[in-house]
Amino acid sequence: MEARSMYRTPPDFSMKKEIPAAADLQLAHIAYDPVLECMTDGFVALDFQWRFIYVNQHAAHLIGATPALLIGKKFLDCFPEVSNTEFYKAYETAMQERVSMHIEEYFVPWKRWFEKYIYPTSDGIAIFFHDITERRTAEEKLRRSQIRLSETQRLANIGHWEWDPVTEKLICSQELCQIFGLEPIEHVGDLSSFLSNVHPEDRSRINDIRCNALHEKMPWEMEYRIIHQDGSTRYIHERGVVETGTEGKTTRLFGYAQDISSLRLAEQALSESEDLFRSVFEQAAVGITLTRLDGSYAMANHKFAELLGYTPEELCDLDFQSITHPDDLGPDMVQVNRLLNGQSKTYSMEKRYLHKNGSYVWNNLTVSLRRDKSGKPLHFIAVMEDITDKKQAERELIQQQQLTEFIIDSLPLNVFLKDENGRYLMINEEAARTAGISKAGAIGKSDFDIFPEETAKTILEDDRYALASNDHSLREVPIISHGKERIVLAGKRTVHLQNSPAMQLGFSIDITDRKQNELRIQYLATHDALTGLPNRNLLQDRLEHAISMAHRSQHMVAVLFFDIDRFKLINDSFGHKAGDEFLQIMASRLRQVTQSGDTAARLGGDEFVVLLEGISSNEEVVHTAEKILACLHEPLTLNQQELVVSVSIGISVYPNDHQNAETLLKDADIAMYHAKVGGGNNFRFYDSEMNTLAFQRLTTENRLRKALELDQVVLYFQPLVDLKTGQIKGMEVLMRWNDPANGLVGPDQFLSVAEETGLIVGLSNRVLQEACRQCRRWHDKGLTGLQLSVNLSAQQLGPYNLVRTVKEILIETGMPPSSLKLEITESELMDDVDRAKRTLHELSAMGVEIAIDDFGTGYSSLSYLKTLPIDTLKVDRSFVRDLATDEDDAAIVGATIGMAHHMGLKVVAEGVETPSQLDFLTGHQCDLGQGYYFSPPLPADAMESLLQSGRLFPMH
């Protein structure tokens, strides 16, 4: 294969040529100027000094002067700019070496290209010059064209070839040689040898195509692969043409071949890229869509369809506007318009899409706009990531943060977070309230910006201590808040977060009120809340301390235990508020009569104790006791009424009585009981016999409880006799204790214990129940018209529901209410008048009669008789006993009978034992009598026999 340059080789203008003898021009030859004048080339002759000695017309025309003007002038004077040109160098060479020179040169003065022949002569030099500007211009155009063609072919990987069917030579361009990896200007013998460079799998095909084109004399086009010299496979696109002569004979084949490997590889890469895109598009873990400019979906992958519950095909019938949450559509369209206007290249936002089931799905949306080469928008590419769980987590986190903030703000604590410089990063509502600043206003401020300087310094010192010591314990810190001194309990902890400076988390709580409350609680724990006196606890401590000191100093300690006589009557008569006021007056008086070293304490209720320390004799104790009695007995005004009260004082002394505090208090309490039994308004020293009596009372209580369990309490009945007819009208129910150890025990030996211990309620209810049962049995035996009188205890009128109890017993036994009379003493009635009124009215409404027992022994006026539903008055035996000898008793009894009858009440005289008593009572028309004159109390069977006898008692 022959390789031929596409460019003409330029002539060598620097060649030196020998001047042939025939061409030797002498000045004499100028005689042939008609010939020179007729030449179309310029001719001039110069002497050795460069002077013009001949100029033909063509040269003169080019020079722009007549020959006559030029002859004799120096060439360099006319054209000084040629002194450094190739022409000048050739002239010098021809002149010096006497050789001819041939050059082609661009002559600047004339702006033309000239071909110059320089010959030496005997007179100087002769110059022929021919204008070759057009030729040189064409050659330059050809050269540039060839360069552009070659460069174009190189850039396009195109090479051309020719094949001469006569010589069977294939001529290839350099570019084609480079495509095939061959040496330039290489010839191949024939076309078949060219097949050796073709991929074996393509040889047969391309040979058939060329042969068919040669036979049909038709152009062809084909692609094939070659094996490059470097071993790589290249893809070739070839076009060829068959050229024929006038006789239709093929004269040559020519064409071009283009290396399209990059195109095919690009296509292959594109195909692979498209496959990859489709694979990624369909298998992506995020939603991807191709969206038209109007918002409709051109493509949607399965993930996006799955997110919204649609198929990809269904989505392609929708647009994004119709499945966007209304609240998110506006912001979304703003970003879309920014893309279309070129204000942004992409945008991201969180938005909600409408699921097919009607719910909304949160997605993180990223959108970009694809444009063509001219910048015209084509479509949107959107990527959606399901962030529903994330948003749910965010909502939960926000809710958790809000809940945490709410909890922190709800805490009754000052919670705060400071940076390393002591400036607040966060405070809660309580801390803001304490500081007197808003939560937002505290951020960035230090304690010096918020609190007074002294408080800020105190807090700063505590902060530094906590940071330096890493002490997390709680400390009390004094501060000034809202202008007031406060105390806060503060705890602080250093917080280290990754890549963050150390912070200080702290909390404090205002414990000023708590400290005050603690002092108050401590005070209340040791003092009586009503009177302010020391209470039992403080008294116990002081008493133990006094005993300890007395033991060392050999002194005495006295305990004076007392209560107010009949305090309950005061409470019930004037009310609890007045009762409290009374106790406060008593406490105030106690303070006045006790010395500074002594202790006046209230144990509770109306019980007080005075502790005397450092005494040396009982006389000192007696003196103090008398002062207390006198001071507390002075009249006082309560509810605008003057009152005189008394107290009963029990005294125990260390070391005479006992050695410990508890026992001394108990001894004084026992002594106080005996003082009260002795009539009150006095004092008693403790002695051991009192303890024996107290033990006996405790023993009696225990045995009485057992007796109630074993039904050892039995009923006795004493007749109530009509003093006009002598007939038995009823009986009073009395109780006896059938004690196995002591025989039959009267009520005077155990009722007081029952009252004190609360056993009286159960005991009285049992007596009432059994008495009604017995009365019912007598009624069933025909012993009718009898009325039972049963005694009530004051405690039964208390919180116990006496009315219900009586009603239940009457219903159970079937006893008529009119056959029952309930007796209550005057003093018991006055313990709680209001409650007694309500209870007695309810009982009277049921048909039960009410009697006042022991009338005349109480302390109240007779005004209550008008307000209570009383049926009978029972004159106490103390008035009946001395009727015959005591005029006062006779007057009282007579007046009582007259008053009762005037009020429509019956009168029963208790303790009738003599005929003279009976005579007085019948003479004053007393209704009923009761006593040993008629009959002692009898057991039920004896009473039944007496009733069955129908006995009438004589009245004279």
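In the block above lies the structure referred to throughout.
Residue numbering note: each chain is counted from 1, following its sequence as written. Where local features are concerned, this predicted model is filtered to residues with pLDDT of at least 70; where side-chain atom pairs are given and counted, the filter is 80 or more; whole-chain, interface and lining totals use all residues. To obtain the side-chain values, all non-hydrogen atoms of the structure were included, while hydrogens and water were left out.

Undergrad: I tried to follow the packing of helix α22 (residues 576–593) against helix α23 (residues 618–633) on my own but got confused; where do I start?
TA: Packed helix pairs are characterised by how far apart their axes lie and by the angle those axes make with each other. Each axis is a line fitted through C-alpha atoms, and for a helix only the stretch in contact is used; angles between axes span 0 to 180 degrees, taken between their N-to-C directions. Strands are runs of DSSP state E lasting at least 2 residues, helices are runs of H or I lasting at least 4, and numbering of each runs from the N terminus. One can describe the packing of α22 onto α23 by two numbers: an axis separation of 10 Å at closest approach and a directional angle of 140 degrees. Comparing the axis directions of α22 and α23 gives the class oblique. Read as a crossing pair, α22 and α23 show a hand that is right-handed. Between α22, through M586, R589, L590 and V593, and α23, the contact on the second element is made entirely by K627, I628, C631 and L632. Relative orientations are named as follows: roughly parallel for angles under 35 degrees, roughly antiparallel for angles over 145 degrees, roughly perpendicular for angles from 65 to 115 degrees, and oblique for any other angle. Should the near helix be turned anticlockwise from the far one by less than a right angle, the crossing is termed left-handed; should it be turned clockwise, right-handed. For this analysis, residues touch if any pair of their heavy atoms sits within 4.5 Å.

Undergrad: Sorry if this is basic, but what is going on with the pairing of strand β13 (residues 297–300) here?
TA: A regular strand carries its side chains on alternate faces of the sheet. Of the pairings in the sheet, the one linking strand β12 (residues 287–291) to β13 comprises 3 bridges and is antiparallel in character. Bridge assignment links T289 to a residue of β13, and that residue is A300. With antiparallel pairing between neighbouring strands as the criterion, β12 and β13 make up a hairpin whose turn holds 5 residues, including G295 at a positive phi of roughly 100 degrees. At least two DSSP bridges between two strands are required for those strands to pair.

Undergrad: Please explain a nonpolar patch on the surface as it appears in this structure.
TA: Patch rule: a residue counts if its relative accessible area is over 30% and it has no salt bridge; like charges are joined within 9 Å, and nonpolar side chains (Val, Leu, Ile, Met, Phe, Trp, Tyr) within 5 Å. Note on areas: Shrake-Rupley with a 1.4 Å probe; residue coverage comes only from the protein chains shown. Only one rule defines a salt bridge in this text: a Lys or Arg side-chain nitrogen within 4 Å of an Asp or Glu carboxyl oxygen. Together, L403, F406, I407 and L411 line one region of the surface with nonpolar side chains, adding up to about 360 Å² of accessible area. Considering the arrangement of structural elements, one finds I407 in helix α14 (residues 388–410). Of the residues examined, I407 reaches a relative accessible area of 42% and is grouped as partly exposed. Partly exposed residues are those whose accessible area sits between 20% and 50% of the maximum for their type, while under 20% is buried and over 50% is exposed, using a 1.4 Å probe and protein chains only.

Undergrad: Hey, could you run me through the pairing of strand β15 (residues 360–371) in this one?
TA: When strand β14 (residues 346–354) meets β15, the two strands line up antiparallel, connected through 9 bridges. Its bridge partner lying in β15, Y347 is registered against V367. Where β14 folds back on β15, the antiparallel hairpin that results is connected by 5 residues, among which G358 adopts a positive phi of roughly 100 degrees. The pairing of β15 with strand β16 (residues 377–386) spans 9 bridges and is classified as antiparallel. Bridge pairing in β16 places N363 opposite D386. In this structure, the hairpin formed by β15 and β16 is closed by a connection of 5 residues, where G375 is found at a positive phi of approximately 95 degrees.

Undergrad: Sorry if this is basic, but what is going on with the packing of aromatic side chains here?
TA: Any two rings among Phe, Tyr and Trp, with Trp reduced to its six-membered ring, count as a pair given centres within 6.5 Å; such a pair is stacked if its planes are under 30 degrees apart, edge-to-face if over 60, and tilted if neither. Counted according to the given criterion, the structure contains 22 aromatic pairs. Judged by centre distance (5.6 Å) and plane angle (55 degrees), the ring pair of F52 and F75 falls under tilted. Pair noted here: F52 is in strand β3 (residues 52–55) and F75 is in helix α4 (residues 75–78), with a separation of 23 residues, a long-range link. Accessibility expressed as a relative area gives 1% for F52, which makes it buried. Ring plane angle 80 degrees and centroid distance 6.1 Å describe the contact between Y119 and F128, whose orientation is recorded as edge-to-face. Under the relative-accessibility criterion, Y119 is labelled partly exposed at 21%.

Undergrad: Could you clarify how one ought to interpret the sheet that holds strand β10 (residues 233–244) in this entry?
TA: Strands in a sheet are paired, the pairing made by backbone hydrogen bonds, and the direction either parallel or antiparallel. Overall, antiparallel pairing links the 5 strands, which are arranged β8-β7-β11-β10-β9 in an open sheet. Either end of the sheet is taken by a strand with one partner, and the two such strands are β8 (169–172) and β9 (220–227). When the angles between neighbouring strand axes are averaged without regard to direction, this sheet yields 25 degrees. Of the pairings in the sheet, the one linking strand β7 (residues 158–164) to strand β11 (residues 250–259) comprises 6 bridges and is antiparallel in character. Bridged to E162 within β11 is F254. Strand contacts of helix α9 (residues 200–216): β9, β10 and β11, with the helix running at about 150 degrees to β9, the strand carrying the most contacts. Those strands touched by helix α10 (residues 261–283) are β9, β10 and β11, and its axis lies near 130 degrees from that of β10.

Undergrad: I keep staring at the pattern of salt bridges and nothing clicks. Help me out?
TA: Where side chains of opposite charge bring their charged atoms close, a pairing between them can arise. Applying the stated criterion across every chain yields a total of 45 salt bridges. Between R205 and D202 there is a salt bridge whose closest N-O contact spans 3.8 Å. One end of the pair is R205 and the other is D202, both in helix α9 and 3 residues apart, which spans about a single turn. Of the charged contacts, one joins D409 and K439 as a salt bridge, the two residues approaching to 2.9 Å between their closest N and O atoms. With D409 in helix α14 and K439 in helix α16 (residues 439–442), this pair connects stretches of sequence that are 30 residues apart.

Undergrad: Any chance you could explain unusual backbone geometry here in plain terms?
TA: Residues other than glycine predominantly adopt negative phi, and peptide bonds predominantly adopt the trans conformation. Note that the residue after Y654, namely P655, is joined by a cis bond; omega there is 5 degrees. Residues other than glycine seldom take positive phi values, yet N639 does so here, at roughly 55 degrees. Phi is positive for Q925, which is not a glycine, with a value near 60 degrees. Following the sequence through the fold, Q925 ends up in the loop between α33 (915–923) and β37 (928–930). Classification of Q925 by relative accessible area gives exposed; the value is 53%.

Undergrad: Would you explain the sheet that holds strand β18 (residues 424–427) in this entry?
TA: With antiparallel pairing, the 5 strands of this open sheet are ordered in space as β18-β17-β21-β20-β19. What marks the edges here is a single partner per strand, and that holds for β18 and β19 (475–481). Adjacent strand axes in the sheet meet at a mean angle of 30 degrees when their direction is disregarded. Sheet topology note: the strand β20 (residues 484–495)/strand β21 (residues 503–510) ladder contains 8 bridges and is antiparallel. Bridge assignment links K492 to a residue of β21, and that residue is G506. Taken strand by strand, helix α18 (residues 453–469) contacts β17 (414–418), β19, β20 and β21, and its axis lies near 155 degrees from that of β19. Against the sheet, helix α19 (residues 512–526) contacts β19, β20 and β21, and its axis sits at roughly 115 degrees relative to β20.

Undergrad: Would you mind going over helix α13 (residues 326–340) with me for this structure?
TA: An α-helical turn contains 3.6 residues, so any two residues separated by three or four positions project in the same direction. The end-to-end C-alpha distance of α13 is 21 Å, a good match for the 21 Å that 15 residues give at a rise of 1.5 Å each. Within α13, burial applies to D328, D332, V336 and L339. Taken around the axis of α13, the buried residues stretch over an arc of 75 degrees, which confines them to a single face. Contacts from the buried residues of α13 go to β14, β15 and β16. Among the residues trailing α13, G342 stands out with phi positive, at a value near 80 degrees. Every helix has an expected span of 1.5 Å times one less than the residues it contains. The directions from the helix axis to the C-beta atoms form the arc being described.

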